[in-house]
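Observations on the three-dimensional arrangement
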Amino acid sequence: MKILLSTPETDQGTYLSALKKYCPYADIRIWQDVKETDWQAEYALVWKPKNDLFLHQKSLVAIFNLGAGIDALEKLPDLPQKVPLFKLRDAGMGQWMLEYILYGLIHFGRHFDRYQRHQNGGNWHPENTRNLQEKRIGILGLGPLGQYVGKCLYEMGYTVVGWSRSLKDDLPFEQSTGMQSLNGFLAQSHFLVNLLPANDDTYHLLNADRLMRLPRDSVVISCGRGSVFDEHALLLQLQTRHLRGALLDVFEHEPLPKGHPFWAQQNIIVTPHIAAPTQADDAIKQVLADILDIELGGDQLY
Ligand code: OXD
């Protein structure tokens, strides 16, 4: 089996070790090291690869995106359209995402933002705190990560409502489905968690009008893709304190440019796209299970 690995922006060594561990007999190459023009891989495992990979590799049976979001890959002009593309589903990222979101819930929900300010002023000032479980957590996007996080929060006793374009089976929490229900869903979300991917349908989905629908004092936690928000509209809602605060991990342009007003906005916490890093071991196990499925003639293509 011939496997090509290309993750130029991340440590390829950890993926390579995991591949060698779980698939010791495969012919595994890193894209930069492929010198023979006739060496053609069957499977390409990639994260933000260079476009030229697809100009030279013409025998691919499947492409595996080593992340959940395929937006960067889809922008490459020579990405073959007929080769099946797989993406990571959970592969160990769900737990990381859950922890990130819990941090945002607790930071704002238990008033740690205010206690920080009180401490700066030397003030001993207990805040009036309501049970966090009475607030509604709206999960925007019910892909594998949204479903995982929603189920965990629900099982922990939180009130969860999920929104997606189509109804998902077997979820224990309430769901809102389709564009016609979006405004109603937003109006009930005291915490809005963005787990939507970047595509034409989600671009600036949360514009000024929709952000206004969120209840006063609500909190935004964004860890899907940043282009889902109109960032100017989000900033305005935070400046005017219609929104209480935001924990933002993803942005329309990354890295977030120096001088972007989000950096200095006091009720925003900026993190550099670290909510749920790909876990090399889990990712490779998922990819190899999918390859086995293909080789056995399975039809579970994603
Ligand atoms: C992903 C990401 O898509 O890390 O997996 O953003």
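Residues numbered from 1 in each chain as written. Predicted model: local features only at pLDDT ≥ 70, side-chain atom pairs only at ≥ 80, totals over all residues. Heavy atoms only, no water.

**Quick notes on empty space enclosed by the protein**
Any empty space left between atoms is shown by rolling a water-sized probe over those atoms. Rules: Cavities and pockets are found on a 1 Å grid laid over the protein atoms alone: a cavity is a set of points where a 1.4 Å probe fits but cannot escape, a pocket is an open set with protein on both sides within 12 Å along at least five of seven lines, and a lining residue has an atom within 4 Å of such a point. Grid points are joined across faces, edges and corners, and a volume is the space filled by probe spheres set on the points. Each residue gets one label: Ala, Val, Leu, Ile, Met, Phe, Trp, Tyr, Cys and Pro are nonpolar, Asp, Glu, Lys and Arg are charged, and the others, such as Gly, are polar.
Applying the stated criterion across every chain, the model contains 1 cavity of 30 Å³ or more. Surrounding the largest cavity, S222, G226, F229, E231, L234, L248, V250, F251 and F262 form its lining. Counted by class, the lining of the largest cavity contains 6 nonpolar, 2 polar and 1 charged residues.

**Topic: the nonpolar core**
This is how it is decided: Within this scheme, the nonpolar core is defined by two criteria: the residues are buried Ala, Val, Leu, Ile, Met, Phe, Trp, Tyr or Cys, and they are joined through side-chain atoms within 4.5 Å. Only protein chains enter the accessibility calculation, which uses a 1.4 Å probe; a residue is then buried when its area is under 20% of its type maximum, exposed when over 50%, and partly exposed in between. Comment: elements are numbered from the N terminus, with helices defined as DSSP H or I runs of at least four residues and strands as E runs of at least two. Contacts were defined at the residue level, with two residues in contact if any of their heavy atoms lie within 4.5 Å.
Of all hydrophobic cores here, the largest spans 54 residues; its most connected members are L45, M97, I101, L153 and C223. It is helix 4 (residues 93–109) that contributes the most residues to this core, 8 residues altogether. Once residues within four sequence positions are removed from consideration, I101 is found in contact with V149, L153, V193, L195, I221 and C223. Counting residues in each nonpolar core, the second largest holds 26 residues, with L182, L192, L234 and L235 among its members.

**Description of the pattern of salt bridges**
Here is the rule: For this document, the term salt bridge refers to a Lys or Arg side-chain nitrogen within 4 Å of an Asp or Glu carboxyl oxygen.
In this structure the tally under the stated criterion is 11 salt bridges. When the shortest N-O distance is used, the salt bridge between D27 and R29 registers 3.1 Å. Judged by its relative accessible area of 26%, D27 is partly exposed. Of the charged contacts in the structure, one is a salt bridge between E36 and R29, with a shortest N-O distance of 3.2 Å. Accessibility expressed as a relative area gives 38% for E36, which makes it partly exposed. One network of salt bridges, with partners in common, ties together D27, R29 and E36.

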